[in-house]
Amino acid sequence: MKRRKFLKKSGLTTAGLLSAPAVVASCKTETKQEIASPPVSVRKPIAICTWNFMNATAKAWEVLEKGGNALDAVEQGVMIEEADVTNETVGVGGRPDRDGNVTLDACIMDKDGNCGSVVYLQNIAHPVSVARKVMEETPHIILAGKGAEQFAYEQGFKKEDLLTESTRKQYEEWKKESKYETVINIENHDTIGMLAIDKNGDIAGACTTSGMAYKVAGRVGDSPIIGAGLYVDNEVGGATATGVGEEVIRTVGSFLIVELMRQGKSPQEACEEGVKRIMKKNEGRKDFQIGFLAINKQGETGGYCVHPGFTYREYTEEGHENRHVSSFYQNE
Ligand code: SD4
């Protein structure tokens, strides 16, 4: 008997079935099997990203809506920010290190746990796509610096000047102050981490950044580190981070969030717990920012940040674009 017919005949709704195990037990085997695994309602497709990057989520949605997979959606989604010269924390137009060089970090992870990453990459506008090539075209996971750049050229990427007039000017100004040390503050944000579930229910994620502005040359943050800036487990969900990478690496932040979800926490609860762990190790500090964003297999989302003002953007079929403002943790 088809499921819908059975429901009609028995006068039961799906909710009724779920709360009526006695009825289930008395059904014929054929029907029993269907009822024993009721369809879980999943919000899919869906794309979410850190901060308020509506063009990026719109692009990811465009891919998902056409039936595209989550991996393509997150790659193409974050590429919007990599190409946006007004985003001074990602791709072209990203702020340089203290020696004036723009060095980029990015990673990507798919439903099968495959992943690719580039760190300290220069002169290439789309590090996320190079990271995908590392994942798909090499037996490795991370390529760094000159090697990553050389690999990118071999894969057909073009050499580009990533400094813009604006970031060059800002750098010159910064140098005048001779503050030759890394500035870690709450304004240092706008890294994009994106997570998506496609129509098949598969999850993928990507994260891309130019890192902390005026960092010590050679510094690599959390964003390209699988488990820190990004983690996806197709059975459980995915998480990504933004903010001071050193703190995220210390707690293996995104992996922690996914493991907390595996233990039954909602994405929101998991992000809150992740932030609290970091704050516990930083009693009294209020001068830095960490934000986590997460999605579980059902398409539920959550986000949490040390500071107020953290937002994330969500794109789904029902709600189209919703901007969620997460709560924040205050360290007493
Ligand atoms: C880093 N997590 O390199 C990055 C910075 C960041 O928004 O997220 N900025 O540490």
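Parameters at a glance
- Residues numbered from 1 in each chain as written.
- Predicted model: local features only at pLDDT ≥ 70, side-chain atom pairs only at ≥ 80, totals over all residues.
- Heavy atoms only, no water.
- Helix = DSSP H or I, 4+ residues; strand = E, 2+ residues; numbered from the N terminus.
- Buried < 20%, exposed > 50% of the residue type's maximum accessible area, 1.4 Å probe, protein only.
- Areas by Shrake-Rupley, 256 points an atom, 1.4 Å probe, with all protein chains shown as cover.
- UniProt positions renumbered as here; feature names shortened; annotations may be inferred.
- Contact = heavy atoms within 4.5 Å.
- Pairing = 2+ DSSP bridges.
- pLDDT = per-residue confidence, 0-100.
- Near = heavy atom within 4 Å.
- Polar contact = N/O pair within 3.5 Å; in protein donor to acceptor, adjacent residues only side chain to side chain.
- Axes fitted to C-alpha atoms, helices over the stretch in contact; angles between N-to-C directions.
- Expected span 1.5 Å × (residues − 1).
- Salt bridge = Lys/Arg side-chain N within 4 Å of Asp/Glu carboxyl O.

Describing the overall build of the protein
- For the protein, the helix and strand inventory stands at 12 helices and 12 strands.
- With 332 residues in all, the protein has 54% of them scored as buried.
- Only carbon and sulfur atoms are counted for the fraction: they give 50% of the accessible area of the protein, which is about 14,900 Å².

Points about the UniProt feature "binding site: substrate" (unreviewed entry) in the protein
- Under the present numbering, the feature "binding site: substrate" (unreviewed entry) in UniProt falls on Arg219, Val220, Gly221, Asp222, Thr242, Gly243, Val244 and Gly245.
- Relative to the assigned elements, Val220 resides in the loop between strand 6 (203-209) and strand 7 (230-233).
- When its relative accessible area of 27% is taken as the criterion, Val220 is described as partly exposed.
- In contact with Val220, other than residues within four places in its own chain, are Asp105, Val119, Tyr120, Ile225 and Ile249.
- Looking at where Gly243 falls in the secondary structure, it is placed in strand 8 (residues 237-243).
- Look past the residues within four positions of Gly243 in its chain and what remains in contact with it is Met212, Asp222, Gln289 and Ile290.

Description of the pairing of strand 7
- Going residue by residue along strand 7, you find Leu230 and Val232 tucked away on one face and Tyr231 and Asp233 tucked away on the opposite face as well.
- Here 4 bridges tie strand 7 to strand 8, and the two strands are oriented antiparallel to one another. The residue bridging Leu230 from the neighbouring strand is Thr240, located in strand 8.

Some words on the pairing of strand 10 (residues 301-305)
- Along strand 10, 5 of the 5 residues are buried, which leaves the element largely enclosed by surrounding structure.
- Of the two faces of strand 10, the one carrying Thr301, Gly303 and Cys305 and the one carrying Gly302 and Tyr304 are both buried.
- Sheet topology note: the strand 9 (residues 290-296)/strand 10 ladder contains 5 bridges and is antiparallel. Directly across from Leu293, in strand 10, lies its bridge partner Gly303.
- Here strand 9 hands over to strand 10 after 4 residues, with Gly299 in that stretch at a positive phi of 85°.

Observations concerning the confidence of the model for the protein
- With 81% of its residues at a pLDDT of 70 or more, the protein shows a mean pLDDT of 85.
- Within the model, the stretch residues 1-34 combines pLDDT values under 50 with 26 contacts to residues more than four positions away or in other chains.

Concerning the site of the ligand
- Of all residues adjacent to the ligand, which total 14 residues, the nearest are Thr191, Arg219, Asp222, Gly243 and Gly245.
- Measuring from an oxygen atom of the ligand, one finds a side-chain N or O atom of Thr242 at 3.1 Å.
- Burial of the ligand by the surrounding chains reaches 100%, relative to a free accessible area of 290 Å².

Some points on the sheet that holds strand 10
- With antiparallel pairing, 4 strands are arranged side by side in an open sheet as 7-8-9-10. Edge positions in the sheet fall to strand 7 and strand 10, since each has one partner strand and no second. In this sheet, adjacent strand axes meet at a mean angle of 10° when their direction is disregarded.
- Sheet contacts for helix 11 (residues 253-262): strand 7, strand 8 and strand 9; angle to strand 8, the most-contacted strand, approximately 145°.

Observations regarding helix 12 (residues 267-280)
- Here helix 12 spans 20 Å end to end across 14 residues, near enough to the 20 Å set by a 1.5 Å rise per residue.
- Along helix 12, the residues that are buried comprise Pro267, Ala270, Cys271, Gly274, Val275, Ile278 and Met279.
- Buried residues in helix 12 make contact with helix 10 (245-250), helix 11, strand 9 and strand 10.

Quick word on helix 7 (residues 127-137)
- Judged by how many residues are buried, helix 7 sits mostly within the fold: 8 of 11 residues are covered.
- Within helix 7, the full set of buried residues consists of Pro127, Val128, Ser129, Val130, Ala131, Arg132, Val134 and Met135.

Notes on the environment of Thr57
- Within the secondary structure, Thr57 is located in helix 5 (residues 54-65).
- For Thr57, a relative accessible area of 0% gives the class buried.
- Residues Thr57 and Ala196 lie 139 residues apart in sequence; the distance between their C-alpha atoms is 9.4 Å.
- In this structure, Thr57 is in contact with Ala47, Ile48, Cys49, Met194, Arg313 and Tyr315, ignoring residues within four places of it in sequence.

Describing the pattern of salt bridges
- A complete count under the given rule lists 17 salt bridges for this structure.
- A salt bridge links Asp161 to Arg168; the nearest nitrogen and oxygen atoms lie 3.0 Å apart.
- Looking at Asp161, the relative accessible area reads 51%, which means it is exposed.
- Among the residues examined, Arg168 registers a relative accessible area of 36% and is labelled partly exposed.
- Ionic pairing is found between Glu172 and Lys175, a salt bridge with its closest N-O pair at 3.8 Å. Taken together, the positions of Glu172 and Lys175, both in helix 9 (residues 165-176) and 3 residues apart, correspond to about one turn of that helix.
- Sharing partners across several salt bridges, the network here consists of Asp72, Glu75, Arg132 and Glu136.

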